[in-house]
Amino acid sequence: SNPEIAKKLATCPFNARHLVPPCELSNHILKCNDRAFVEQDVVSGSFEPPQEQMKNRSSWQAPPCSEDWET
């Protein structure tokens, strides 16, 4: 709520709402509770689209263009 103070704080890479003094950022990163959620997503591969979503993707392709811009 105080923009002048917020400018002096570092943002946590796991949760942008976590603002800490820059000298405490590395310690916060080691202890941040939201770090577990990010690590869990990476390990489980949930950052990749599920197989069903991949199957439902459109295979539509644009038709070949018959315009000749040189003429």
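Everything quoted here is computed from the prediction, not taken from an experiment.

S.K.: Where do I start with the side chain of histidine 28 in this structure?
M.R.: Within the fold, histidine 28 resides in helix α2 (residues 25-31). Judged by relative accessible area, which is 17%, histidine 28 ranks as buried. Excluding residues that lie within four positions of it along the chain, histidine 28 makes contacts with Cys12, His18 and Val20.

S.K.: How do you make sense of the environment of isoleucine 29 when you look at a structure like this?
M.R.: Its location among the elements puts isoleucine 29 in helix α2. Accessibility expressed as a relative area gives 24% for isoleucine 29, which makes it partly exposed. Linking isoleucine 29 and proline 13, residues 16 residues apart in sequence, is a C-alpha distance of 7.7 Å.

S.K.: Any chance you could explain the pattern of salt bridges here in plain terms?
M.R.: Side chains that differ in charge, positive against negative, can pair when their charged atoms come close. Tallied over the full model, the rule gives one salt bridge. As a salt-bridge pair, lysine 7 and glutamate 4 come within 3.6 Å of each other at their nearest N and O atoms. One end of the pair is lysine 7 and the other is glutamate 4, both in helix α1 (residues 3-7) and three residues apart, which spans about a single turn. Given the relative accessible area of 64%, lysine 7 is considered exposed.

S.K.: Honestly, the side chain of asparagine 15 in this entry has me stumped. Any pointers?
M.R.: For asparagine 15, the location among the structural elements is in the loop between β1 (10-11) and β2 (19-20). For asparagine 15, a relative accessible area of 16% corresponds to the buried category. Reaching out from asparagine 15, the side chain makes a polar contact with the backbone nitrogen of arginine 17 at a distance of 2.9 Å. Looking at asparagine 15, its side chain comes within polar contact range of the side chain of aspartate 34, at 2.5 Å.

Conventions and cut-offs
- Each residue is numbered by its place in its chain's sequence as written, counting from 1.
- In keeping with the model being predicted, local features are shown solely for residues with a pLDDT of at least 70 and side-chain atom pairs are shown and tallied solely at 80 or more, while totals for entire chains, interfaces and linings include all residues.
- Processing note: side-chain calculations cover all non-hydrogen atoms of the structure and skip hydrogens and water entirely.
- Helix and strand assignments come from DSSP, with helices taken as H or I runs of at least 4 residues and strands as E runs of at least 2, each series counted from the N terminus.
- Per-residue accessibility, obtained with a 1.4 Å probe over protein chains only, is compared with the maximum for each type, and a residue is labelled buried under 20%, exposed over 50%, and partly exposed between these values.
- In this analysis, two residues are considered to be in contact whenever any of their non-hydrogen atoms come within 4.5 Å of each other.
- Here, a salt bridge means any Lys or Arg side-chain nitrogen found within 4 Å of an Asp or Glu carboxyl oxygen.
- Polar contact criterion, stated in full: a pair of N or O atoms within 3.5 Å, where within protein one must be able to donate a hydrogen and the other to accept it, and residues adjacent in sequence count only if both atoms are side-chain atoms.

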